[in-house]
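# Fold and geometry: a report
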Amino acid sequence: QVQLLESGGGLVQAGASLRLSCAASGRTFSDYHMGWFRKVPGKEREFVATISWSGGTTKYADSVKGRCIISRDNAKNTVYLQMNSLKPEDTAVYYCAAAEGWGNGVNPNEYDYWGQGTQVTVSS
């Protein structure tokens, strides 16, 4: 079992930055690929970014590419999502997830464990 706890969400104005953190506990953090997803009411959960267990491979959704950076610190059992130039359409609950295996990393069904989420609200 892996427990994931997100933090760092909040209410910001458009153009601001936020850094989300996801602290993992339980099994060995470096055994897992990690991802960030987001969800707004009435829509499907949306892929944001993913990072391989070593940090050597990352992928981003087109909607955040160039504005977000995913990173991880295996010594601290934490994955981060740095979000810059935030837009109102980035408003969502952001979830981190852990995957033992990896297909393309963008499908939420690939992930085995999920956090509770952190709300990000961007005002215009």
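So, here is what we can say about the structure in this document. All values reported here derive from a predicted model rather than from experimental measurement.

Moving on to the side chain of T118. With respect to the helices and strands, T118 occurs in strand β11 (residues 118-123). The buried category is assigned to T118, whose relative accessible area is 10%. Here the side chain of T118 touches G9 through a polar contact of 3.2 Å, landing on its backbone nitrogen. Once you skip the residues sitting within four places of it in the chain, T118 turns out to touch E6, S7, G8, G9, L20, A92, V93 and Y94.

Right, let's get into the sheet that holds strand β1 (residues 2-7). Strand order in the open sheet made by the four strands is β1-β3-β8-β7, with antiparallel pairing throughout. Both edges of this open sheet fall to β1 and β7 (68-73), since each of them pairs with a single strand only. Taking each pair of neighbouring strands and ignoring which way they run, the sheet shows an average axis angle of 15°. By the bridge criterion, six bridges tie strand β3 (residues 18-26) to strand β8 (residues 78-83) in an arrangement that is antiparallel. When the bridges of β8 are listed, A23 appears paired with T78.

On inspection of all chains with the given rule, the structure shows five salt bridges. Here R27 makes a salt bridge to E100, at a shortest N to O gap of 3.3 Å. Of this pair, R27 sits in the loop between β3 and β4 (33-39) while E100 sits in the loop between β9 (92-99) and β10 (113-114), placing them 73 residues apart in sequence. Take R27: its relative accessible area is 43%, and that puts it in the partly exposed class. Close ionic contact of D90 with R38 constitutes a salt bridge, the shortest N to O distance being 2.9 Å.

Now for the side chain of H33. Within the secondary structure, H33 is located in strand β4. Of the polar contacts made by the side chain of H33, one reaches the backbone nitrogen of W53; its length is 3.0 Å. Residue contacts for H33: discarding those within four places in its chain leaves I51, S52, W53, R72, A97, A98, A99, E100, G101, W102 and Y111.

Our focus in this paragraph is the state of the cysteines. A covalent bond between the sulfur atoms of two cysteines is referred to as a disulfide. Counted by the stated rule, this structure contains one disulfide. The side chain of C22 participates in a disulfide bridge whose partner is C96; the two sulfur atoms lie 1.9 Å from each other. Of this pair, C22 sits in strand β3 while C96 sits in strand β9, and the two are 74 residues apart along the sequence. What makes C22 buried here is its relative accessible area of 0%.

The rules behind these values
Residues numbered from 1 in each chain as written. Predicted model: local features only at pLDDT ≥ 70, side-chain atom pairs only at ≥ 80, totals over all residues. Heavy atoms only, no water. Helix = DSSP H or I, 4+ residues; strand = E, 2+ residues; numbered from the N terminus. Buried < 20%, exposed > 50% of the residue type's maximum accessible area, 1.4 Å probe, protein only. Polar contact = N/O pair within 3.5 Å; in protein donor to acceptor, adjacent residues only side chain to side chain. Contact = heavy atoms within 4.5 Å. Pairing = 2+ DSSP bridges. Axes fitted to C-alpha atoms, helices over the stretch in contact; angles between N-to-C directions. Salt bridge = Lys/Arg side-chain N within 4 Å of Asp/Glu carboxyl O. Disulfide = S-S within 2.5 Å.

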